[in-house]
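Listed below are the residues making up each chain.
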Number of protein chains: 2
Amino acid sequence: MTSHSINDARLLNRLRALGEIGRNPDGGPTRLAASETEKLGRDQFVAWLKEADLDVAVDRIGNIFGVWKPQGTESHDPLMLGSHIDTVINAGIYDGCYGVLAGLEVIATLREVGFQPSRPIVVGAFTNEEGVRYAPDMMGSLVYAGGLDVEEALATVGIDGSNLGEELAAIGYAGSHEPGFMKPHAYIELHIEQGPVLEREGFPVGAVDSLQGISWQQIIIDGDANHAGTTPITMRKDAGVAAARVITFLRERAKASNTPTVATVGCISFEPNAINVIPSKATFTIDLRDPDEDRLLAEEAALADYLRTVAQEEQVTITAERLARFQPVKFDGEIVRTIEEAALARGLKSKRMTSGAGHDAQMIARIAPAAMIFVPSVAGISHNPKEFTSETDLVAGANILLDVVCKLTAPRE
Amino acid sequence: MTSHSINDARLLNRLRALGEIGRNPDGGPTRLAASETEKLGRDQFVAWLKEADLDVAVDRIGNIFGVWKPQGTESHDPLMLGSHIDTVINAGIYDGCYGVLAGLEVIATLREVGFQPSRPIVVGAFTNEEGVRYAPDMMGSLVYAGGLDVEEALATVGIDGSNLGEELAAIGYAGSHEPGFMKPHAYIELHIEQGPVLEREGFPVGAVDSLQGISWQQIIIDGDANHAGTTPITMRKDAGVAAARVITFLRERAKASNTPTVATVGCISFEPNAINVIPSKATFTIDLRDPDEDRLLAEEAALADYLRTVAQEEQVTITAERLARFQPVKFDGEIVRTIEEAALARGLKSKRMTSGAGHDAQMIARIAPAAMIFVPSVAGISHNPKEFTSETDLVAGANILLDVVCKLTAPRE
């Protein structure tokens with residue numbers, strides 16, 4: 001292992017600086033994919049890539065790569081590091097940005113100490129990982145891995161009616177490279193846990209060997225608009241009540257099971273949305289996750305059954321549209337062990353764990369050996385301005401990434 | 001009783017013509033109070049008032065009156081007829097407009113046949129009866145009856161952030177008369193039932209002797225935004241789940257009781273409203289109605305109790321704001337009997353009933369003897385483009401109104 005260490009101040013200052021871009025007056029940053037505010041974040045990242053003297057490449061889906069290709073390594077596939085810099089609405093400053101800036105920091109450090117890698121090293125920022133404005137999430141890495149056609153992805157219409165392709169062109173990040181133009185030798189993503197496990201169990205580092213499956217659906221319920229004062233309860237076709245029953249069902253089911261299954265309804269709207277009119281239409285999203293594919297399938301089936309029950313009991317029609325579906329992912333055992341060894345060498349306890357969140361690593365894992373490194377999130381809070389990881393943990397995670405990169409690109413004897 | 005009858009074709013044609021104003025391409029009319037489209041409806045109504053040679057008066061809250069004041073009646077309080085011409089979103093064409101246009105039709109008919117009333121007769125269209133854009137509903141008649149200060153009402157901010165006073169001025173209906181400037185001798189409102197009772201029980205006419213109480217509240221639930229994939233169910237403060245539990249509670253409670261209590265949640269929104277973020281905030285409205293004040297109070301108390309329970313169980317904070325509250329109303333027994341006699345004289349069975357909906361009549365009842373006449377709504381559908389009443393029923397209701405007006409303004413022997 002190397003005895004080098006990253007430049008703490010540079011990493012932390014850049015993390016804070018990026019976190020100021022697109023910040024809401026009263027909260028955290030909001031940089032939805034391909035928006036005007038995200039453009040500012042992208043421009044800053046690109047400026048830092050150039051400051052590190054890296055070659056900047058942007059592909060057609062807007063993924064940004066900083067490439068370090070020392071002489072003699074051109075014929076080898078690159079080791080890829082990365083994550084994303086788009087955010088949810090009123091987000092924290094660590095989610096995604098930490099992995100991207102730590103990847104850049106690792107490369108900058110290795111160059112400064114005169115390290116000679118046996119292959120190119122690349123840091124990537126993938127487009128629309130959050131999926132708030134455009135579905136599915138992790139879109140940039142999914143397209144890069146060949147899991148979604150780039151034309152289809154560019155044609156995606158957002159929650160604001162915008163077109164992703166047009167938006168990328170408008171902000172100047174509709175690149176010319178074909179997604180997947182660099183085949184990674186391996187991929188490593190450093191990320192905050194976004195959950196409470198590491199902090200609660202007292203581990204400074206997580207060696208992530210798997211990632212839970214994700215099922216996203218949009219549910220549309222059609223009933224009958226009617227007068228709120230004169231329509232007896234028994235004569236109603238109340239789409240809002242039907243939606244509320246589904247939400248409570250998901251909560252009670254998840255609570256009753258002693259599995260890690262989680263279910264979330266994050267978006268909802270009623271029509272006509274008037275105080276004295278029974279809702280004729282309810283539209284909402286369901287986010288189901290489980291580390292076990294069979295259990296995830298069972299949850300989806302149970303939901304489908306309940307939708308049929310509610311449709312019958314409330315005399316409404318219910319349609320479910322799949323927005324995204326990803327099976328649980330197993331990461332590369334050798335890289336995971338390398339992460340554990342690197343942590344040990346720095347005197348840090350690491351915990352083998354499953355990722356509860358979706359990450360670009362699960363997509364790149366389709367085309368290259370991949371793994372993730374987690375650092376603790378205080379109180380497990382994420383997607384929230386209160387998202388926080390201590391500087392000590394942030395620096396430790398980046399140094400472990402540095403050591404793993406050195407190991408994986410060490411000059412062959 | 002008189003043997004006169006109204007001009008069927010004129011009434012029905014005007015009803016259809018008004019129903020075309022502000023119509024959605026794919027549905028019914030939308031003329032929210034003081035909007036640009038409602039202005040068009042107001043302009044048409046005023047044009048018809050002038051066509052009938054009535055004096056037009058607009059008060060400060062935008063209520064429009066057509067006044068017939070024959071010589072020698074100036075010293076007497078007028079008999080007032082009326083309702084409203086604002087609508088909900090994607091409405092039917094009968095709600096409110098029928099009572100306003102039938103009132104105008106009755107006056108026009110009486111003038112044409114040379115009837116000599118003993119007092120002036122007025123037809124009014126009251127501002128913002130629906131309360132969709134501005135709360136509370138029945139605002140124009142409430143202000144007219146002195147139940148709400150006109151300045152306070154004009155300062156109301158709408159769901160679209162607009163200011164009612166400014167909007168009324170913008171469309172040219174910020175009148176100069178003080179609300180209440182004409183004290184009604186009595187008030188009669190003809191309206192569609194908006195419920196299924198008359199049709200189901202086979203009555204062409206309802207003699208409405210009371211009106212149920214209404215309680216409107218806005219509920220705001222504050223929880224914690226957090227990552228949908230990594231936050232265990234037990235660690236969540238999910239404002240959306242808490243809202244869904246309240247909605248299902250109201251439904252189950254209303255269903256379990258064998259009272260006429262109705263509860264409706266018509267509006268809802270989540271924040272940040274992202275598919276993979278646990279809602280930090282849920283805002284929704286509750287519309288509670290009951291003909292019995294004690295029972296309505298009990299329902300409000302039960303809701304308040306449940307809100308406390310949910311706040312504790314879901315670890316969220318819940319605030320409830322009262323948007324509107326009206327006690328049940330008893331109408332004038334003598335006018336109700338006059339309505340029954342008029343129906344009988346026309347060979348029509350009438351049913352004594354309670355109004356499930358709120359109406360301007362409940363406000364004017366504070367300052368004058370009042371009552372209502374209902375005609376059947378097919379399948380009880382209202383606040384919906386499918387709202388329908390047969391032409392036979394519409395004409396019959398207007399003729400009963402004509403007869404009642406004649407009776408109440410008959411020249412003293």
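Definitions and limits used
Residues numbered from 1 in each chain as written. Chains lettered and ligands numbered in written order. Predicted model: local features only at pLDDT ≥ 70, side-chain atom pairs only at ≥ 80, totals over all residues. Heavy atoms only, no water. Helix = DSSP H or I, 4+ residues; strand = E, 2+ residues; numbered from the N terminus. Expected span 1.5 Å × (residues − 1). Buried < 20%, exposed > 50% of the residue type's maximum accessible area, 1.4 Å probe, protein only. Contact = heavy atoms within 4.5 Å. Polar contact = N/O pair within 3.5 Å; in protein donor to acceptor, adjacent residues only side chain to side chain. Least-squares fit on C-alpha atoms with pLDDT ≥ 70 in both. Axes fitted to C-alpha atoms, helices over the stretch in contact; angles between N-to-C directions. Left-handed = near helix turned anticlockwise from the far one by under 90°. UniProt positions renumbered as here; feature names shortened; annotations may be inferred. Phe/Tyr/Trp six-rings, centres within 6.5 Å; stacked < 30°, edge-to-face > 60°. Lys NZ or Arg CZ within 6 Å of the ring centre and 35° of its normal. Buried area = accessible area lost by both parts, 1.4 Å probe. Salt bridge = Lys/Arg side-chain N within 4 Å of Asp/Glu carboxyl O. Nonpolar A, V, L, I, M, F, W, Y, C, P; charged D, E, K, R; others polar.

Looking at an unreviewed UniProt entry, one finds chain A named N-carbamoyl-L-amino-acid hydrolase, with Pseudorhizobium flavum as its source organism.

In this section: helix α9 (residues 293–313) of chain A. All names here are of chain A. The terminal C-alpha atoms of α9, which comprises 21 residues, lie 30 Å apart, in line with the 30 Å expected from a rise of 1.5 Å per residue. Taken residue by residue, α9 has Glu-293, Leu-296, Glu-299, Glu-300, Ala-302, Leu-303, Tyr-306, Leu-307, Val-310 and Ala-311 as its buried positions. Turning to α9, the residues buried within the fold contact β7 (213–222), α8 (239–256), β12 (281–290) and β13 (317–326). Where α9 begins, the capping side chain belongs to Asp-292, and its oxygen is found 3.2 Å from the backbone nitrogen of Asp-294. Of the residues flanking the end of α9, it is Gln-315, one or two places downstream, whose phi is positive at about 55°.

Okay, the relation of the copies chain A and chain B next. Each copy of the sequence occupies a distinct position, and chain A is placed on chain B by a rotation of 180° and an axial shift of 0.0 Å, giving an RMSD of 0.0 Å. Viewed as a symmetry operation, the transformation between the two copies matches a two-fold axis. Taking C-alpha positions as reference, the residue of chain A nearest the rotation axis is Ala244(A), located at 2.2 Å.

Right, let's get into the packing of helix α1 (residues 8–20) of chain B against helix α3 (residues 97–112) of chain B. Residue and element names in this part refer to chain B. One way to put it is that α1 packs onto α3 with a least axis distance of 10 Å and a crossing angle of 145°. Crossing hand, α1 versus α3: right-handed. Contact residues: Arg-10, Leu-11, Arg-14, Leu-15 and Leu-18 in α1; Cys-97, Tyr-98, Leu-101, Ala-102, Leu-104, Glu-105, Ala-108, Thr-109 and Glu-112 in α3.

On to the UniProt feature "domain: Peptidase M20 dimerisation" (unreviewed entry) in chain A, then. UniProt's feature table lists "domain: Peptidase M20 dimerisation" (unreviewed entry) at residues 211–313 of chain A, given in the numbering used throughout. For residues 211–313 of chain A, the helix share is 38%, the strand share is 31%, and the end-to-end C-alpha distance is 37 Å.

Our next topic: the packing of aromatic side chains. Throughout the structure, instances matching the rule amount to 16 aromatic pairs over all chains. With a centroid separation of 5.8 Å and 85° between ring planes, the pair formed by Phe65(B) and Phe126(B) is classed as edge-to-face. Taken as a pair, Phe65(B) in strand β2 (residues 64–68) and Phe126(B) in the loop between β4 (121–125) and α4 (139–144) lie far apart in primary sequence, 61 residues in all. We classify Phe65(B) as buried; its relative accessible area is 0%. Aromatic rings pair up to connect Phe65(A), Phe126(A), Tyr144(A), Phe181(A) and Tyr187(A) into one cluster. One cation-aromatic arrangement involves Arg42(A) over Tyr173(A); the distance from NZ or CZ to the ring centre is 5.0 Å. If you follow Lys349(B) out to its NZ or CZ, it ends over the ring of Phe203(B), 4.8 Å from the centre.

Moving on, we come to the interface of chain A and chain B. Frequently, the measure chosen for interface size is the accessible area removed from exposure when the parts meet. Taken together, the contacts link 65 residues of chain A with 65 residues of chain B. Taking both sides of the interface into account, the surface hidden between chain A and chain B amounts to around 5400 Å²; carbon and sulfur atoms contribute 60%. In this structure, Lys386(A) and Asp224(B) form a salt bridge, with 3.1 Å as the shortest nitrogen-oxygen distance. The interface formed by chain A and chain B includes 22 residue pairs in polar contact (both at pLDDT 80 or more). Contributing elements (two or more residues each) for the side of chain A that touches chain B: β8 (226–227), α8, β9 (262–264), β10 (268–271), β11 (277–278) and β12 of chain A. Counting residues per element, the side of chain A that touches chain B draws most heavily on α8(A), which supplies 9 residues. Residue composition of the side of chain A that touches chain B, grouped by class: 30 nonpolar, 22 polar and 13 charged.

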